[in-house]
Amino acid sequence: MTSKPPILRQKSFVNPVVRNPFSHRLHLNFFDKIRIVLMSVTIAPLRLLLAFTLLIPAWLCAVITLAGRSSSDHSPLKGWRRSVKGLMVLIGRVQFFMMGFHHIKIKGKKANPSEASIFCAAPHTSFFDAIIAVVLEMPGCVSREENKHAPMFGTLLDVLQPVYVSRTDQNSRVTTIEEIKRRSQKGSEWPQIVIFPEGTCTNASCLITFKGGAFYPGVPVQPVTLKYGSDTVIWTWEGPSTFTCLWLTLCNFHNGIEVEFLPVYSPTPDEIKDPMAFARNVRSQMAASLKVPVTDHTYEDCKLMQDAEEKGLPNEVGLVEFQKLLNKLGLRREHLSHHLNNYAEMAKSGGYIGLEDFAKYLNLPVTENLREMFYLYDRNGSGKIDFREYVIGCSLVAQPANNEETIQLAFKMFGGDKGYLVQEDLTKFLQGSVNMSPEECEVLFQQVDDQNTGKITYDQFKVYAKKKPEYARLFASYMEKADSKMETVIEEETEGDRRQERPSSGKKED
């Protein structure tokens, strides 16, 4: 009899060190609250007034700089137009000073354009990260297309001549990469470009997946890290609102920030061929400098968080480390959205799937086979399946078994040799294999028989099996155990035959 090998978990699928980099909770002590109250009725309103007042001269400088230029003119600013940007840098520095950023600590040396045409900045934690434009003296940048339409701020952004990217347009990604390549080539008259490769804001507890935009050109980049002295600046998907973040930061006596220029990173020939390896290696260097871990979360995790919340689930359910699932399982956003729909049908235990939820979804009683399959999904042994575990389980456990051969065999085993199944066929097999009651069998039969004909064709059987691939894995498990029992019986019968064939110990007759 062959023994079943133990279940081995792939270490690459263990939960990330940082569970949710998109959530931030402020922890204010008694003295913090006293300071906020005092600053709110004294200094903070004045800071806010002065900071917004300075937007007017900065906006006028931007209007003058862009005056007379056609919207179709995609050449870099030159001559007096570029000189006006120097005045805007000064106004920007005064503006941040008014908001409490009295001193910007600079470490390392900024590379000149001949050394590196791209600055790679991280972590991206706040709208206050705009201070990097002042430190780098108005470089080029990559920005969301929505930002260009913001009153006043859109005009200020246009002076930087950013590469605008749309997160909803698939073609935008290609054009963005091509434009970054064009601007970053040697001898280009374009200013250096600063890119936040994480693509979205985090709580600075780790560095998430770097997008490839800064690395596809295959040119040297200079990593730049930002460290704030206060967590009131952190602006994430789940946490303080924009105004709360702004106001609490204005209520600090002083807002410290450190900008460190790391050594220029020149890609190897292999990294030029593999931009994502280039991105990972730069990220590792920056993470080591920041003393934080790295994870495979991406902006797509944020969208899945929103989708989960819309379905009445805790938004953290959507955190699956999208990039890891894409790289290792080939799962794209549309695949995960499909899985999330199925998960939402099952997850009735506080946003997670319990054993009873699992059984109810499959219209099956809790049996040994079902428990074993549940354990295969429940990777951390918590007794509940989260969405990440469910997706991995579907890909590694259920889907491989849900092939044409298994479905055809199951159909025949249920009694489909005649070309269809009736309720009696289904009841007879399920009562004998998983102890289902006649009532439970009837409910399942009606779900598969979507046309109410009293018969289940192979096509109907196959469609339902594809919709719930767990059935195929359960059937495969049942067949494995049946084969194992058959092997045991055969071995016992063979051993009995051998005993009967052994000669007696008496003397042999002449």
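For clarity, every value in this text was computed on a predicted model and none was experimentally measured. (Residues numbered from 1 in each chain as written. Predicted model: local features only at pLDDT ≥ 70, side-chain atom pairs only at ≥ 80, totals over all residues. Heavy atoms only, no water.)

### Focus: unusual backbone geometry
Each neighbour pair has its own omega, and for Ala122 with Pro123 the value is -5 degrees, a cis peptide bond. Positionally, Pro123 belongs in the loop between β2 (118-122) and α5 (131-135). Positive phi, normally seen in glycine, also occurs at Glu137, with a value near 60 degrees. Within the secondary structure, Glu137 sits in the loop between α5 and β3 (140-144). Backbone geometry places Met138, a non-glycine residue, at a positive phi of 60 degrees. For Met138, the position within the fold is in the loop between α5 and β3. (Helix = DSSP H or I, 4+ residues; strand = E, 2+ residues; numbered from the N terminus.)

### Description of the packing of helix α2 (residues 43-53) against helix α8 (residues 242-250)
What describes two packed helices is the angle between their axes and the distance between those same axes. Look at α2 against α8: their axes get within 9 Å of each other, and the N-to-C directions meet at 115 degrees. Considered as vectors, α2 and α8 are oriented roughly perpendicular to each other. Where α2 crosses over α8, the handedness of that crossing is right-handed. Only Leu246, Trp247, Thr249 and Leu250 of α8 make contact with α2, whose side of the interface consists of Ala44, Pro45, Arg47, Leu48 and Phe52. Tallied by class, residues from the contact of α2 with α8 come to 7 nonpolar, 1 polar and 1 charged. (Axes fitted to C-alpha atoms, helices over the stretch in contact; angles between N-to-C directions. Parallel < 35°, antiparallel > 145°, perpendicular 65-115°, else oblique. Left-handed = near helix turned anticlockwise from the far one by under 90°. Contact = heavy atoms within 4.5 Å. Nonpolar A, V, L, I, M, F, W, Y, C, P; charged D, E, K, R; others polar.)

### Remarks on helix α14 (residues 355-362)
Of all the 8 residues making up α14, 6 are buried; the element is thus mostly covered by neighbouring parts of the structure. Looking at α14, one finds that the buried residues are Leu355, Asp357, Phe358, Ala359, Tyr361 and Leu362. Once α14 ends, the next one or two residues include Asn363, with phi positive near 55 degrees. (Buried < 20%, exposed > 50% of the residue type's maximum accessible area, 1.4 Å probe, protein only.)

### Let's talk about the UniProt feature "domain: EF-hand" (unreviewed entry) in the protein chain
UniProt feature "domain: EF-hand" (unreviewed entry): in the numbering of this structure it lies at residues 365-400 and 436-471. Counted over residues 365-400, helix gives 67% and strand 0%. Its end C-alpha atoms are 23 Å apart. Its end C-alpha atoms 14 Å apart, residues 436-471 is made of 64% helix and 6% strand. (UniProt positions renumbered as here; feature names shortened; annotations may be inferred.)

### Details of the pattern of salt bridges
Taken as a whole and assessed by the stated rule, the structure comprises 15 salt bridges. Across the pair Lys227 and Glu258 runs a salt bridge whose closest N-O atoms are separated by 3.9 Å. With a gap of 31 residues between them, Lys227 in strand β6 (residues 221-228) and Glu258 in strand β7 (residues 257-261) connect regions that are remote in the sequence. Look at Lys227 and you get partly exposed, because its relative accessible area is 30%. Residue classification places Glu258 among the buried residues on the basis of a relative accessible area of 15%. Between Asp296 and Lys324 there is a salt bridge, with its nearest N and O atoms 3.9 Å apart. Of this pair, Asp296 sits in the loop between α10 (275-290) and α11 (299-310) while Lys324 sits in helix α12 (residues 322-329), and the two are 28 residues apart along the sequence. When salt bridges that share partners are traced, they join Asp296, Glu321, Lys324 and Arg388 into one network. (Salt bridge = Lys/Arg side-chain N within 4 Å of Asp/Glu carboxyl O.)

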